[in-house]
Amino acid sequence: MSITLEPGLDVAAIRAQFPILSQTIRGKKLVFLDSAASAQKPRAVIDAMVGAMETQYANIHRGLHWMSERTTEAYEAARDATADLLGAADRHEIVFVRNSTEAINLVAHSYGRGIMKAGQAVVISEMEHHANIVPWQMLRDAHGTELRVARITDAGELDMAHLESLLGDGKVGLVAITHMSNVLGTYTPAERIVAMAHAHGAKVLLDGSQAVVHRKIDVQALGADFYVFTGHKLYGPTGIGVLWARREILEAMPPWMGGGDMISSVTFERSTWAEVPHKFEAGTPAIIEGIGLKAAIDWVQAIGYPAIAAHEAALTEHALARMSAIPGITLIGQAQDRGGVISFALDRAHAHDVATLLDRQGIAVRAGHHCAEPLMRRLGLDSTARASFGIYTTAEEIDVLADTLERVREFFA
Amino acid sequence: MFEDVRDLYSAAIVERGRRPRHMRRLEAFDVTAKGDNPLCGDRVQVWVKLDDGRIAATGFDARGCEISKAAADLMVEAVQGHTPGDTRAMFESFRVMAQTGVCPAHQAELAAMQPLAAVHEYKSRVKCATLPWHALLAALDGKGETSSE
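Residues numbered from 1 in each chain as written. Chains lettered and ligands numbered in written order. Predicted model: local features only at pLDDT ≥ 70, side-chain atom pairs only at ≥ 80, totals over all residues. Heavy atoms only, no water.

1. Section: the overall build of chain A
So the rule is basically this: For helices the rule is a DSSP run of H or I covering at least 4 residues; for strands it is a run of E covering at least 2, with both sets numbered from the N terminus onward. For every residue, the accessible area (1.4 Å probe, protein chains only) is compared with the maximum for its type, and the residue is labelled buried under 20%, exposed over 50%, or partly exposed between those bounds. In what follows, a contact means two residues having at least one pair of non-hydrogen atoms within 4.5 Å. Here, Shrake-Rupley sampling with a 1.4 Å probe gives the accessible areas, and only protein chains in the shown set may cover a residue. Counted charges follow a simple rule, with Lys and Arg positive, Asp and Glu negative, and His plus the chain ends left uncounted. Each charge is placed at NZ for Lys, CZ for Arg, CG for Asp and CD for Glu.
A count of helices and strands for chain A gives 15 helices and 17 strands. Seen through its principal axes, chain A has C-alpha atoms that stretch 70 × 55 × 35 Å. Across the 413 residues in chain A, those meeting the buried criterion constitute 57%. Long-range pairs, those at least 24 residues apart, make up 71% of the contacts in chain A between residues at least 6 apart in sequence. In the structure as shown, chain A presents an accessible area of about 15600 Å², 52% of it carried by carbon and sulfur atoms. Averaging the positions of the 37 positive and the 48 negative side-chain charges in chain A gives two centres separated by 4 Å.

2. Focus on the sheet that holds strand β5 (residues 121–125) of chain A
All names here are of chain A. The cut-off we apply is this: Pairing between two strands is assigned when DSSP locates at least 2 bridges connecting them. Each axis is a line fitted through C-alpha atoms, and for a helix only the stretch in contact is used; angles between axes span 0 to 180 degrees, taken between their N-to-C directions.
An order of β4-β10-β9-β8-β7-β5-β6 is seen for the seven strands of this open sheet, with the pairing classed as mixed. Taken across any chain shown, the strands that pair with only one partner, and hence form the sheet edges, are β4 (94–97) and β6 (146–150). Neighbouring strand axes in the sheet, compared pairwise and without regard to direction, differ in orientation by 20 degrees on average. Bridge count between strand β8 (residues 203–207) and strand β9 (residues 226–230): three bridges; the pairing is parallel. For L205, the partnering residue across the bridge sits in β9 and is F226.

3. Describing the pairing of strand β2 (residues 42–51) of chain B
All names here are of chain B. Bridging between strand β1 (residues 31–37) and β2 involves seven bridges; their strand directions are antiparallel. Counted as the bridge partner of T32 is W47 from β2. Looking at chain direction, β2 and strand β3 (residues 54–63) are connected through nine bridges and run antiparallel. Looking at the pairing, V44 lines up with A62 of β3. Between β2 and β3, which pair antiparallel and follow one another directly, the connecting turn spans two residues, one of which, D52, has a positive phi of 55 degrees.

4. Some remarks on the interface of chain B and chain A
Rules: Here the quantity called buried area is the total loss of accessible area, with a 1.4 Å probe, experienced by two parts when brought into contact, counted for both. Note on definitions: salt bridges are taken to be side-chain nitrogens of Lys or Arg within 4 Å of carboxyl oxygens of Asp or Glu. Lys, Arg, Asp and Glu make up the charged group, whereas Ala, Val, Leu, Ile, Met, Phe, Trp, Tyr, Cys and Pro make up the nonpolar group; the residues left over, Gly among them, are polar.
Counting residues at the interface gives 22 residues for chain B and 20 residues for chain A. Of the roughly 1900 Å² buried at the junction of chain B and chain A (both faces included), carbon and sulfur atoms supply 53%. Of all residues in chain B, M1, F2 and R18 of chain B give up the largest surface area on contact with chain A, accounting jointly for 30% of the area buried on that side. For the interface between chain B and chain A, the tally reads three salt bridges. Put simply, R43 of chain B and E373 of chain A hold a salt bridge, and the shortest N to O gap is 3.0 Å. Where the side of chain B that touches chain A is concerned, the elements lending two or more residues are α1 (11–18), β2 and α2 (66–79) of chain B. For the side of chain B that touches chain A, the per-class residue count stands at eleven nonpolar, two polar and nine charged.

All we've got here are geometric facts, nothing functional implied.
Set out below in structure tokens:
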């Protein structure tokens, strides 16, 4: 079976930019199908980070010397690149954090405790990552907010009727929902969620950790209030993530962590806060990682989301066709609008055993609950194996996966 | 294709994992505990009947992979008739075996568990093999729950 790729996307040329992909594992060609957990890094990102450390590095923002000024420029250029990536109206709406988890915790602490009132509710969904569950439980327990959970359908799509029913009493202050499930590959209908939530007076946070890798995000077109993602899934480094929020919301929110860089002035009696986004960026940030994130964003933007989305749609279609033909396999989630994250179970083997056998053939998949235990429970499963694709994934790699899965099943006959 | 995994997934281990002999809840038991591996979602519960300070019967229920079930099943036979003190010492030996692949020669009870020594080549799977032991020791210590972390 051949797949049609978007003209202009030369996967071989893209793969050549990822040094790690030429590795062999135990003598087998590496087939890396775990990009949803963390993506590999192109040469452009590696070089940008090494180059910064070799030629242009000092602490940023307050230095009066050449090195500090140049490093500040490079780091702040990442903010511009991120604002452009998300279609933000204003670069001051980009807050750098460590990862999506920290971004959600920031919102839960600052917006949750500072703006929301006890008795108001937060709505999440059954298909959230733990990162978009636990901070809201902590907010509930500390602040007296209610936590409501929107159901998903058996196909793995958000139950919009149920979501609307949860909004009905007008108590919901925030709807915090994934933009793309890390287990089911489901894209949620963000515009409809936003319209529905806003009609009931609720703000919306979208967890874009997966979605931003695959689709062009335009936060203004989506109408969202908060959008979060992490650098390392977008071919960038670990240790840098992004919170985007509307400027007026950020300005109303109290700071979360205190320290250097986030203040305007400090006396022992009181301190005043820096302007956004610096109000939320206490301490020396991940400077090298910010520079790496900019390189990753530039790299992704140069390829372009239309080509990325077309390639991944073709791969996903190919994978679903190949994998669904494997005897005894169950593909978890059948959403209409889905991307290249495919969870599956084999009738004869536990996900961990499947993953171990695949690993011995050089194939990297993830197995377990994927940090989504409540979703596993909802699906009546303990764990799944998961293959997830990146821009460097090829149809041949999916063929290797499918062929090997058939052999795994025979092994456990 | 998978000849290189036969060290761990030997016929004996796969058979134990597929058809464990002792995977049952004991109707009459003195102590029980649950073990949980929060990173992968594996869960096991162990029930123990004691008689005169020795393990008279052990049963388990496991939700997990072949390795964890085979390890639990073999563990039940290894600890039969032993005191909690012996069992703890046995676990220490087993843990070393699972982590290093070196089998202690002096403990005959562990001979049957030797096929699991190969798990040391699979670093991410060592906890699958040790989880049932953590649950067993938690039960003997009077703790209701434990974690492999």
